[in-house]
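# Topology and contacts: notes
Residues per chain, in single letters:
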Amino acid sequence: FLCEEALGVVLHTILSSINDTMNLLSFILLLSALASVVAFSPRSLAGTNTPPLHTSRLSSTLTPSIESSTKPDEYLRWKKDGDTWKMQTGVTTFQKGDKTVELHAQLHFGDSSYFDYYNDNNFIGRLDNVHYELLVDNDLLQYKNNAWRLEKPIMASANDQSMAQSYGWECQASRIDYTHPKWIHADLTRQEFRKIANPDANADQNTPLWALAGPESSSTAAEAVSALLVGPPTLSYSAQVLRRRLFTNLFIPGETFANSLRAILWFTVPAPELSIILLDWSSLLKGGSNPNALSEVALPILSSLIKLDVGQIRRFLFGQVLMSSAIANKNNDSSAWSLLVTKRNDHALEVLTKTLQDSNDETSSTALLYGSSHCPDLHAKLTASGFKPTKTTWRTAWSVQENENDTILVSLLGAVGLYLSVGALDWVGMMGDVSQEWLGGEYLDASVIAGAYLVRHVLLYLGLSKFLVDWTNKDR
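Residues numbered from 1 in each chain as written. Predicted model: local features only at pLDDT ≥ 70, side-chain atom pairs only at ≥ 80, totals over all residues. Heavy atoms only, no water.

Below, the discussion takes up the overall build of the chain. For the chain, the helix and strand inventory stands at 16 helices and 12 strands. Every one of the 476 residues in the chain was classed for burial, and the buried ones make up 47%. Residue pairs in contact within the chain that sit at least 24 positions apart in sequence constitute 78% of those at least 6 positions apart. Split by element, the accessible area of the chain, about 23,100 Å² in all, is 58% carbon and sulfur. (Helix = DSSP H or I, 4+ residues; strand = E, 2+ residues; numbered from the N terminus. Buried < 20%, exposed > 50% of the residue type's maximum accessible area, 1.4 Å probe, protein only. Contact = heavy atoms within 4.5 Å. Areas by Shrake-Rupley, 256 points an atom, 1.4 Å probe, with all protein chains shown as cover.)

What follows concerns the nonpolar core. Trp78, Phe123, Trp183 and Trp398 are the most contacted members of the largest nonpolar core, which has 43 residues in total. For this core, the element with the highest residue contribution is helix H12 (residues 310-328), accounting for six residues. Look past the residues within four positions of Phe123 in its chain and what remains in contact with it is Glu102, His104, Tyr117, Tyr118, Val130, Trp183, Ala367 and Leu369. (Core = buried A, V, L, I, M, F, W, Y, C linked by side-chain atoms within 4.5 Å.)

So, on to unusual backbone geometry. Of note in the backbone geometry, Asn145 takes a positive phi value of approximately 55° without being a glycine. Within the secondary structure, Asn145 is located in the loop between strand E7 (141-144) and strand E8 (147-150). Overall, the relative accessible area of 62% leaves Asn145 in the exposed class. Positioned with a positive phi, Ala271 is a non-glycine residue whose angle comes to about 45°. As for its position among the elements, Ala271 is in the loop between helix H9 (254-268) and helix H10 (272-284). Residue classification places Ala271 among the buried residues on the basis of a relative accessible area of 2%.

Turning our attention to the pairing of strand E2 (residues 76-81). Here six bridges tie E2 to strand E3 (residues 84-96), and the two strands are oriented antiparallel to one another. Among the inter-strand pairings, Lys79 is bridged to a residue of E3, identified as Lys86. Linking two consecutive strands that pair antiparallel, namely E2 and E3, is a turn of two residues; a positive phi of about 70° is found at Gly82 within it. (Pairing = 2+ DSSP bridges.)

This brings us to the pairing of strand E11 (residues 364-371). Counting buried positions over the eight residues of E11 gives eight, a clear majority of the element. Where strand E4 (residues 99-106) and E11 come together, eight bridges link them in parallel fashion. Note on E11: the bridge partner recorded for Thr100 is Ser365.

A separate point is the side chain of Glu402. The residue Glu402 is located in the loop between strand E12 (388-401) and helix H15 (408-439) in this model. Of note is the side chain of Glu402, whose polar atom sits 3.3 Å from the side chain of Lys80. Contact partners of Glu402, with chain neighbours within four places excluded, come to Lys80, Asp83, Trp85, Pro300, Gln312 and Phe316. (Polar contact = N/O pair within 3.5 Å; in protein donor to acceptor, adjacent residues only side chain to side chain.)

Tallied over the entire structure, the rule returns 20 aromatic pairs. Taking 5.5 Å as the distance between ring centres and 45° as the angle between the ring planes, the aromatic pair formed by Trp78 and Trp85 counts as tilted. Overall, the relative accessible area of 13% leaves Trp78 in the buried class. Ring centres of Trp78 and Phe316 lie 6.4 Å apart, and the angle between their planes is 70°; on these two criteria the pair is classed as edge-to-face. Here Trp78 is found in strand E2, whereas its partner Phe316 is found in helix H12, with 238 residues between them in sequence. By relative accessible area, Phe316 is classed as buried at 0%. Ring-pair connections join several aromatic residues into one group, and the members of that group are Trp78, Trp85, Tyr167, Trp169, Phe316, Phe318 and Trp398. Residue placement shows Arg314 over the ring face of Tyr167; its charged tip is 4.1 Å from the ring centre. For Arg395, the ring lying beneath its charged end belongs to Tyr117, and the centroid distance is 3.9 Å. (Phe/Tyr/Trp six-rings, centres within 6.5 Å; stacked < 30°, edge-to-face > 60°. Lys NZ or Arg CZ within 6 Å of the ring centre and 35° of its normal.)

With that settled, consider the pattern of salt bridges. A side chain of one charge can pair with a side chain of the opposite charge when the charged atoms of the two come close. With the rule as written, the count across this model stands at 12 salt bridges. Here Arg344 and Glu133 are joined by a salt bridge, their closest N and O atoms 3.0 Å apart. A residue pair is termed long-range when its members are at least 10 positions apart, and Arg344 in helix H13 (residues 335-358) and Glu133 in the loop between strand E6 (129-132) and E7 qualify at 211 residues. Comparing Arg344 with Glu133 shows no difference in burial state: the two are buried. (Salt bridge = Lys/Arg side-chain N within 4 Å of Asp/Glu carboxyl O.)

Every buried residue belonging to helix H6 (residues 190-197) is among Arg190, Phe193 and Arg194, and all of these are buried. What you see down the axis of H6 is that its buried residues fit within an arc of 95°, all on one side. (Arc of directions from axis to C-beta.)

Inspection of the secondary structure puts Gln436 in helix H15. On a C-alpha basis, the gap between Gln436 and Ala446 in space is 8.1 Å, while along the polypeptide they are 10 residues apart.

Attention shifts here to the environment of Leu135. With respect to the helices and strands, Leu135 occurs in the loop between E6 and E7. As a C-alpha pair, Leu135 and Arg190 span 55 residues in sequence and 5.4 Å in three-dimensional space.

Here the focus is the confidence of the model for the chain. Predicted coordinates in regions of low pLDDT should not be interpreted in detail. In this model, the chain carries a mean pLDDT of 76, and residues with pLDDT of at least 70 account for 66%. Counting contacts from residues 237-241, a segment whose pLDDT is below 50, to residues more than four positions away or on other chains yields seven contacts. Below a pLDDT of 50 lies the segment residues 248-252, which in the model reaches four contacts outside its immediate sequence neighbourhood of four places, other chains included. (pLDDT = per-residue confidence, 0-100.)

Here you go:
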């Protein structure tokens, strides 16, 4: 009896010390997960997902960075050049008789040289007109020379400026001079956008534009539910598009078997997010038979994490999630996407058609500057109207450099070992606390502890899944 009592005291002491340690380690893990999940949600990344708020200002210099390409139907790419990763936007030239249209994909954030290119006379001087995307108030525009034009310099919102500054970038709206006489506003105004989104005359005029686009826009909560119940939120789970395959399904439908296994793993193994990522990878992306599904930026991000280079990590994650959003939105037919992209594109093409018709010269050249998410649809509609793409070049919006990998492997193995150790301690601490509360009849407290454990590991799953695996890999 005394031995049993002593053993009980020792076990209680060990579990208590483990729990105290885990309170700190779990808090650190949770902060890391929240940073990657919230800071890199799709709404904060895409070139069009959040219509920017503009008020007023300006600047200039030129350092063009242009590369040729043979893929005229793509407008955003994440290119590795040596040890440098470049986020690039496409520029496609279209020809129809003597009419030339250049479609310039743009990001709202980038290096100063990326935006200063558009202020330089080398760009403006070879064009007759420059059309651009910009959601601004009616009173900032003036109808002049058969077109709506911006009369005063503008400035990005304080939130956009703060975000750009945190990455060492500039805001498109603050850096580009939209007041040049050749430049024409080819977008909806904020008032037109609101009217289309909500025709009700009594609607709240203070509602943010992104909220007007619809509740279908992604959120961290929605992503977390998807991660818990289904899988990576960047995937489409239509039965016609995606089917799970696992151990030849063991005579059980792959979806049922994999989802049941996912549910079991959340509580039965330490660091469940790693096991579930492996399960999703093997069942959704052919696992080991499709090694290309492993994200190319996983190692650079992990090496940056080991060196605690937060700025580098954020840029890598920003680029990875931006690319995932761009690919996931290719077949987006939601009402929010229709308002944010399709209807604005239709308006842009109406303005372009009018400009080309008003042109007195037989030959004319026009540049159309629009967000990268708009450009695939604009490309298709320009082609359908008779324009033929003749060439595509690429401009670098921003870049990030990898760390040297010579000594990274040992550090990486150490970091993985530490992560697994923390995960094991977390699991043991959770199981001990839940058991203790449950046996003591405190069922609610036991549920709260289990729920907190589940929440933090779902968030860790979200954070890790966004860079460890390329869920958009086409060969699946």
